[in-house]
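Notes for the structure review
Listed here are the chains, written in short residue letters.
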Amino acid sequence: REAYGMFASNGILFNHESSLRQPGFLSRRIVEGAVSIKNGKTSQLVLGSLSAEVDWGYAPDYVDAMMKILSLPGPEDFVVATGEKHSVRDFVEAAFGPLGLDWKDHVTEDASRLTRSRAPLIGDASKLRKTTGWSPSVDFKQMVRILLEAELNRQGAGV
C-alpha cells in the first residue's frame, strides 16, 4: 500500500452472523430448525458437533468496525472479533430456550456431518478496540435472539 500510495486497511473478520445468512450456514440451520420444531413442521435437528467452539459476532457490529477503520487518518491492519468463544451447544440453547423448547429433546449429533475438524479460533480485537473505541453493541445471546426473531418472521410465527 505504501509503494502505490493507497489507503488500504486490512480487516480480518471472524464469524459474523445476520438474518441474511443463507440456509446452509450453521447459525441459520439452528434457528431455522428450532422454529420449524416449534411450528410442528419437524421434530429433530441433526448437527455435527455440539462441542465445537466459535467466535460468533453480529454482522452489523462488524460493519461498524469497518467504518471506524476506514475513518482513521491512515491505513492499518485489524482483527474484528468478539474475543469470546461459544459452543454450538451454547447457540442451540440460546435458540431453543426463548421458544420454550428443551433442545435435548430435539437435537442430536451426527459426526458424519462434520466437514472439517480444527481447533477453535478466537479473535483478539484489542488493537481495534484501543485504536477506534469499537466494541460489539450486541452480545452473543442478543445476536441469537435477533436471528431467531428473523426466522420467526420468515416462517410466519411468533415467540
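You'll find the structure just up there.
Report follows, based on the coordinates. (Residues numbered from 1 in each chain as written. Predicted model: local features only at pLDDT ≥ 70, side-chain atom pairs only at ≥ 80, totals over all residues. Heavy atoms only, no water.)

Okay, the packing of aromatic side chains next. Tallying each qualifying case throughout the model produces 4 aromatic pairs. An aromatic cluster is present here, built from Trp56, Phe91 and Phe140 joined pairwise through their rings. Note that arginine 21 overlies the ring of phenylalanine 25, its terminal NZ or CZ placed 4.0 Å from the centroid. Here the guanidinium or amino end of lysine 127 rests over the ring plane of phenylalanine 78, the centre of that ring lying 4.9 Å away. (Phe/Tyr/Trp six-rings, centres within 6.5 Å; stacked < 30°, edge-to-face > 60°. Lys NZ or Arg CZ within 6 Å of the ring centre and 35° of its normal.)

In this section: empty space enclosed by the protein. Overall, the coordinates contain 1 cavity of 30 Å³ or more when judged by the stated rule. Here the largest cavity is characterised by a volume of approximately 40 Å³. Contributing to the lining of the largest cavity are Ser18, Ser19, Arg21, Ser27, Arg28, Val31, Leu147 and Arg154. Of all the elements in the fold, those that place two or more residues in the lining of the largest cavity are α1 (26-38) and α5 (140-155). It is α1 that contributes the most residues to the lining of the largest cavity, 3 residues altogether. Here the residues of the lining of the largest cavity sort into 2 nonpolar, 3 polar and 3 charged. (1 Å grid on protein atoms, 1.4 Å probe; cavity = no way out; pocket = protein on both sides within 12 Å on 5 of 7 lines; lining within 4 Å. Points joined across faces, edges and corners; volume = space filled by probe spheres on them. Helix = DSSP H or I, 4+ residues; strand = E, 2+ residues; numbered from the N terminus. Nonpolar A, V, L, I, M, F, W, Y, C, P; charged D, E, K, R; others polar.)

This part is about the environment of leucine 101. Residue position: leucine 101 is located in the loop between α3 (88-96) and β8 (107-109). Here the alpha-carbon distance between leucine 101 and leucine 147, two residues 46 residues apart in the chain, equals 17 Å. Residues in contact with leucine 101, not counting those within four places in the same chain, are Ala34, Ile37, Lys38, Phe96 and His106. (Contact = heavy atoms within 4.5 Å.)

In this section: the pattern of salt bridges. Proximity of charged atoms lets side chains of opposite charge pair with each other. Tallying each qualifying case throughout the model produces 8 salt bridges. A salt bridge links aspartate 77 to arginine 1; the nearest nitrogen and oxygen atoms lie 3.0 Å apart. On the criterion of sequence distance, the pair formed by aspartate 77 in strand β6 (residues 77-80) and arginine 1 in the segment before β1 (10-13) is long-range, its members being 76 residues apart. Taking relative accessible area as the criterion, arginine 1 reaches 32% and is therefore assigned partly exposed. One salt bridge in this structure joins glutamate 32 and arginine 28, with 3.7 Å as the shortest N-O distance. Of this pair, glutamate 32 and arginine 28 both sit in helix α1, 4 residues apart, roughly one helical turn. (Salt bridge = Lys/Arg side-chain N within 4 Å of Asp/Glu carboxyl O. Buried < 20%, exposed > 50% of the residue type's maximum accessible area, 1.4 Å probe, protein only.)

Counting residues in each nonpolar core, the largest one holds 28 residues, and the members touching the most others are Leu47, Phe91, Val92, Phe96, Val107 and Met143. Listing elements by their share of this core, those giving two or more residues are α1, β3 (45-47), α3 and α5. In this structure, Phe14, Ile69, Phe78 and Leu128 belong to the second largest nonpolar core, which totals 11 residues. (Core = buried A, V, L, I, M, F, W, Y, C linked by side-chain atoms within 4.5 Å.)

The values reported here are purely geometric and, on their own, carry no functional implication.
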